[in-house]
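Structural overview
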Amino acid sequence: MRSLLLSRYLSVSPTLRPRHISSMVDGFAPRARLRGVVFDMDGTLTVPAIDFAAMYRAVLGDDEYRRIRAESRTGIDILHHIEDWSPDRQRTAYEVIADYERQALDRLQIMPGAAELCGFLDSKNLRRGLITRNVRSAVDLFHQRFGIIFSPALSREFRPYKPDPAPLLHICSSWEVQPSEVMMVGDSLKDDVMCGKRAGAFTCLLDQTGRYDAPEFDRVDLKPDFKVSCLTDVFPLLEANFNLAP
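Per-chain numbering applies: the sequence of each chain, read as written, is numbered from 1 onward. Selection of residues for local features in this predicted model requires a pLDDT of at least 70, selection of side-chain atom pairs for listing and counting requires 80 or more, and totals for whole chains, interfaces and linings are taken over all residues. In computing side-chain properties, one takes all heavy atoms of the structure into account and sets aside hydrogens as well as water.

Regarding the overall build of the protein
- Each helix and strand counted, the protein has nine helices and 10 strands in total.
- Residues classed as buried in the protein amount to 50% of the 246 residues present.
- In what follows, a contact means two residues having at least one pair of non-hydrogen atoms within 4.5 Å. When contacts within the protein are restricted to residue pairs at least 6 apart in sequence, those whose partners lie at least 24 apart make up 65%.
- Only the protein chains shown count as cover for residues, and all accessible areas are computed by the Shrake-Rupley method using a 1.4 Å probe. In the form shown here, the protein has an accessible surface area of approximately 11,700 Å², with 49% of it arising from carbon and sulfur atoms. Secondary structure elements follow DSSP: runs of H or I no shorter than four residues count as helices, runs of E no shorter than two count as strands, and numbering proceeds from the N terminus. Summary of the burial criterion: residues with accessible area below 20% of their type's maximum are buried, those above 50% are exposed, and those between are partly exposed, where the area comes from a 1.4 Å probe applied to protein chains only.

What follows is the structure, encoded as structure tokens:
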């Protein structure tokens, strides 16, 4: 099934799909079967509310933040970075992270197009799951506030967390489907796309601001199968490229 993917990253003709949707899928190949979609939460299902740069600086300090940021084009994996710290220092770091996350909950808003996309998936009887590096209470609040349920919905209490493929493979197992029958949708190249690629799933990068069009990302080997600028772009993407079977 992975043979459906071309070896290079193309922009799809506007006669096939909207101009702002990019794809690696050959439009003339048999369409792959899709049985479920797994979403990231922060910045994908919800409007970005966490100032990650400020949070990283608060945890790492300015000098360490600048050093790590310069060494990683795809971003900082703060949870992985603090794993080797002493227990006391690690506890303090988690308290800072939790404080930023609590503040973000007060501003929690659903991403435009998310409810409509979930309705579309429901109309096709496709499963939907969620994987986030945020805490369980944030997932519970999302479910409660917006009335859209994802199952399974895995938070960072599930270890190992993204970009390890374990949470996505866990969801595939619980759905009794193959990873190649699932798509991972998220706004992070290093977390969401990496997780999906490692699991063997299709991947879709949500890039609202065009951040990943910057020249620095041309040198990054990791590429998503699809890239969209908003969640409403996922509708035609799925219908054009997949056999949407429950």
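Some thoughts on the nonpolar core
- We define the nonpolar core as a collection of buried residues of types Ala, Val, Leu, Ile, Met, Phe, Trp, Tyr and Cys that are connected through side-chain atoms lying within 4.5 Å of one another. By size, the foremost hydrophobic cluster in this structure holds 37 residues, and its most contacted members are F39, F150, M183, L237, L238 and F242.
- In contact with F39, other than residues within four places in its own chain, are T44, L45, L117, L121, R128, G129, L130, I131, F150, M184 and V185.
- Core analysis: the second largest hydrophobic core is formed by 16 residues, V59, I78, W85 and A104 among them.

Remarks on the pairing of strand β5 (residues 127-131)
- With respect to burial, β5 is a largely interior element, four of its five residues being buried.
- For two strands to be treated as a pair, DSSP must find at least two bridges joining them. Bridge count for strand β4 (residues 36-39) against β5 is four bridges, and the pairing is parallel. Among the inter-strand pairings, F39 is bridged to a residue of β5, identified as L130.
- As judged from the two bridges shared by β5 and strand β6 (residues 153-154), these two strands associate in the parallel manner. Bridge pairing in β6 links I131 to L154.
- The parallel pair β5 and β6 is bridged by helix α6 (residues 136-146), and the resulting crossover is right-handed. With the strands pointing away from the viewer, any crossover whose connection runs clockwise from the first strand over the helix to the second is right-handed.

Regarding the pattern of salt bridges
- By salt bridge we mean one thing: a side-chain nitrogen of Lys or Arg within 4 Å of a carboxyl oxygen of Asp or Glu. Using the criterion set out here, one finds 19 salt bridges in the structure.
- For D63, the salt bridge identified is with R66, shortest N-O distance 2.6 Å. Pair noted here: D63 and R66 are both in helix α2 (residues 62-71), with a separation of three residues, about one helical turn.
- Here D63 falls in the exposed class, since its relative accessible area comes to 59%.

Here we look at the environment of D122
- With respect to the secondary-structure elements, D122 resides in helix α5 (residues 114-123).
- With relative accessibility at 41%, the residue D122 sits in the partly exposed group.
- As a C-alpha pair, D122 and P246 span 124 residues in sequence and 9.8 Å in three-dimensional space.
- Pairs of N or O atoms within 3.5 Å make up the polar contacts considered here, provided that, within protein, one atom can donate a hydrogen while the other can accept it, and that residues adjacent in sequence are counted only when both atoms are side-chain atoms. Separated by 2.4 Å, the side chains of D122 and R128 make a polar contact.

Some remarks on the packing of aromatic side chains
- Aromatic rings from Phe, Tyr and Trp, taking only the six-membered ring of Trp, are treated as a pair when their centres fall within 6.5 Å; an angle between ring planes under 30 degrees marks them as stacked, one over 60 as edge-to-face, and anything in between as tilted. Evaluation of the coordinates by the stated rule reveals seven aromatic pairs.
- Relative to F235, the ring of F120 has its centre 5.1 Å away and its plane inclined at 55°; by these criteria the two rings are tilted. Of this pair, F120 sits in helix α5 while F235 sits in helix α9 (residues 234-241), placing them 115 residues apart in sequence.
- Assessed through its relative accessible area of 10%, F120 is described here as buried.
- One aromatic cluster is present, built from ring pairs that chain together F39, F142, F146 and F150.
- Here, over-ring charges are defined by two tests on the NZ atom of lysine or the CZ atom of arginine: distance to the ring centre within 6 Å, and angle to the ring normal within 35 degrees. Geometry around W85 places R89 over its ring, the cationic atom sitting 3.6 Å from the centre.
- Positioned above the aromatic ring of F150, the side-chain terminus of R128 is 5.3 Å from the ring centre.

Notes on the pairing of strand β7 (residues 182-186)
- For β7, the tally of buried residues reaches five of five residues, placing the bulk of the element in the interior.
- A two-sided burial pattern is seen for β7, the buried positions comprising V182, M184 and G186 on one face and M183 and V185 on the other.
- Of the pairings in the sheet, the one linking β7 to strand β8 (residues 202-206) comprises four bridges and is parallel in character. When the sheet's bridge partners are listed, M184 is paired in β8 with T203.
- Read from β7 through helix α8 (residues 189-199) to β8, the crossover connection turns out right-handed.

Considerations on α8
- In terms of burial, α8 is largely enclosed, as eight of its 11 residues are buried.
- Along α8, the residues classified as buried are L189, K190, D191, D192, V193, C195, G196 and A199.
- In the core, the buried residues of α8 are packed alongside α7 (166-175), β7 and β8.
- Sitting at the head of α8, S188 places a side-chain oxygen 3.4 Å from the backbone nitrogen of K190.

What about the packing of helix α1 (residues 52-60) against helix α4 (residues 87-105)?
- Fitted lines through C-alpha atoms serve as axes, helices being fitted only where they are in contact, and the angles separating the N-to-C directions of these axes extend from 0 to 180 degrees. It is at 9 Å that the axes of α1 and α4 come closest, and there the two elements cross at 160°. By the angle between their axes, α1 is roughly antiparallel relative to α4. Pair α1 / α4 crosses with right-handed handedness. Residues A54, M55, A58 and V59 of α1 pack against A93, V96, I97 and Y100 of α4.
- Taken together, the residues of the contact of α1 with α4 sort by class into eight nonpolar, no polar and no charged. Each angle receives one of four descriptions, namely roughly parallel if under 35 degrees, roughly antiparallel if over 145, roughly perpendicular if within 65 to 115, and oblique otherwise. A crossing counts as left-handed when the near helix is turned anticlockwise from the far one by less than a right angle, and as right-handed when that turn is clockwise. Note that Gly is not counted as nonpolar here; it falls among the polar residues with everything else outside the nonpolar set of Ala, Val, Leu, Ile, Met, Phe, Trp, Tyr, Cys and Pro and the charged set of Asp, Glu, Lys and Arg.

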